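# Survey of secondary and tertiary structure
Chain by chain, the residues:
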Amino acid sequence: MIEAIEKVLSRLRTNILSLDSRSNGVSAMISTLVEMLGQFYANNDLVNVEIFARNIHAAVPCDQVSLLFLGLAYYKTGRSNEALNTFDKVSATTRAKAEHSLKNDEPGLPSGDSAAIACYEEATRRSPLLARLWYDLGAALLELRKFDLAIPAFRSSLKAQPTDAAYRGLGWVYRQRRDFSAARECFTWVRKLRGRLAASACSKHITPAPTAAFS
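Model, not experiment: these values are computed from the prediction.

## Some thoughts on the packing of aromatic side chains
Throughout the structure, instances matching the rule amount to six aromatic pairs. Centre to centre, the rings of Trp172 and Phe187 are 6.2 Å apart; their planes meet at 75 degrees, and the pair counts as edge-to-face. Linking Trp172 in helix 9 (residues 164-176) with Phe187 in helix 10 (residues 180-203), this pair joins segments that are 15 residues apart in sequence.

Right, here's the structure in full:
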């Protein structure tokens, strides 16, 4: 099973590398890979999550999303040192890109990172599966005190699906960083989302389910 998947991924990787990174074909391939990665994570198939993350990163070396998901796979399988090393690589690359943008007055990613941008856009599209993946990543980074990465992870979870759990996680990160104003704003959104869910449940005459989307 794993060998067959690796062969398919190898072919897809070759196709991605041979096409223009901005083409619709590349976006479609990345979308398929990200969707499958999310499905594997939902099924707790961390072996294939690791395989997919590695192959996406091999096809798009400047992509940080696949490295983050690879680090999560390491963390979930008890390889904390490998997870920390992987997250440190992401932090270092993020800082380098930020310095490059400041020096050259170029906000955001360099133009050569269009495939990496496609990876992020696909990984944060509306999807409960991807929202859960980002939320778990944020929770792992919070536990590891990687606050610089935990904030965008929780924000990516909110982009994929707004939940009170992700706002609560984001609020805890801001509290750890002593940004109490931002933390209060996040916790306010937790109450708002819980209120909306309760109101929706009452209008349908049903008993509200637990408000946190993720436990």
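## Concerning the nonpolar core
Among the nonpolar cores identified, the biggest contains 58 residues, and Leu37, Phe69, Trp134 and Leu137 are the most heavily contacted of them. Sorting elements by how many residues they give to this core places helix 4 (residues 65-76) first, with nine residues. Leu37 has contacts with Val49, Phe52, Ala53, Ile56, Phe69 and Leu133, leaving out every residue within four places of it along the chain.

## Regarding the pattern of salt bridges
Per the counting criterion, the structure on display carries seven salt bridges. For the salt bridge of Glu35 with Arg125, the shortest nitrogen-to-oxygen distance reads 2.5 Å. Taken together, the residues span a long stretch of sequence, with Glu35 in helix 2 (residues 24-42) and Arg125 in the loop between helix 6 (114-123) and helix 7 (128-143) at a distance of 90 residues. What makes Glu35 partly exposed here is its relative accessible area of 32%. We classify Arg125 as partly exposed; its relative accessible area is 23%. Glu50 is the salt-bridge partner of Arg54, the closest N and O atoms lying 3.4 Å from each other. Of the two residues, Arg54 and Glu50 are both situated in helix 3 (residues 46-59); the distance of four residues between them amounts to about one turn of the helix. Classification of Glu50 by relative accessible area gives buried; the value is 15%. One network of salt bridges, with partners in common, ties together Glu35, Glu122 and Arg125.

## Quick word on unusual backbone geometry
Even without a glycine there, the phi angle at Asn44 is positive, about 60 degrees. Residue position: Asn44 is located in the loop between helix 2 and helix 3. With a relative accessible area of 59%, Asn44 lands in the exposed category. A positive phi angle, near 65 degrees, is found at Arg178, a position not held by glycine.

## Considering the state of the cysteines
A full pass over the atoms with the stated rule returns zero disulfides. Here Cys119 is not cross-linked by a disulfide; its sulfur's nearest cysteine counterpart is in Cys62, at 7.9 Å. When its relative accessible area of 1% is taken as the criterion, Cys119 is described as buried.

## Comments concerning the packing of helix 4 against helix 7
Helix packing for two helices is described by the angle between their axes and how far apart those axes are. Where helix 4 meets helix 7, the axes come as close as 10 Å, and the angle between the chain directions of the two elements is 65 degrees. Judged on the interaxial angle alone, helix 7 and helix 4 are roughly perpendicular. When you trace helix 4 past helix 7, the crossing you get is left-handed. Two secondary-structure elements touch here, helix 4 through Val65, Leu68, Phe69, Leu72, Tyr75 and Lys76 and helix 7 through Leu133, Trp134, Asp136, Leu137, Ala140 and Glu143. Its residues placed into classes, the contact of helix 4 with helix 7 shows nine nonpolar, no polar and three charged.

## A look at the side chain of Ser91
Looking at the element boundaries, Ser91 is found in helix 5 (residues 80-104). Taking relative accessible area as the criterion, Ser91 reaches 6% and is therefore assigned buried. What Ser91 contacts, discounting residues up to four positions off in sequence, is Asp148 and Leu149.

## Comments concerning the packing of helix 8 (residues 147-160) against helix 9
Look at helix 8 against helix 9: their axes get within 9 Å of each other, and the N-to-C directions meet at 160 degrees. It follows that helix 8 is roughly antiparallel to helix 9 by the angle criterion. Handedness of the helix 8/helix 9 crossing: left-handed. Where helix 8 approaches helix 9, its residues Phe147, Ala150, Ile151, Phe154, Arg155, Ser157 and Leu158 are matched on the opposing element by Ala166, Tyr167, Gly169, Leu170, Val173, Tyr174 and Gln176. Of the residues contributing to the contact of helix 8 with helix 9, the split by class is 10 nonpolar, three polar and one charged.

Rules used in this analysis
- Residues numbered from 1 in each chain as written.
- Predicted model: local features only at pLDDT ≥ 70, side-chain atom pairs only at ≥ 80, totals over all residues.
- Heavy atoms only, no water.
- Phe/Tyr/Trp six-rings, centres within 6.5 Å; stacked < 30°, edge-to-face > 60°.
- Helix = DSSP H or I, 4+ residues; strand = E, 2+ residues; numbered from the N terminus.
- Core = buried A, V, L, I, M, F, W, Y, C linked by side-chain atoms within 4.5 Å.
- Buried < 20%, exposed > 50% of the residue type's maximum accessible area, 1.4 Å probe, protein only.
- Contact = heavy atoms within 4.5 Å.
- Salt bridge = Lys/Arg side-chain N within 4 Å of Asp/Glu carboxyl O.
- Disulfide = S-S within 2.5 Å.
- Axes fitted to C-alpha atoms, helices over the stretch in contact; angles between N-to-C directions.
- Parallel < 35°, antiparallel > 145°, perpendicular 65-115°, else oblique.
- Left-handed = near helix turned anticlockwise from the far one by under 90°.
- Nonpolar A, V, L, I, M, F, W, Y, C, P; charged D, E, K, R; others polar.

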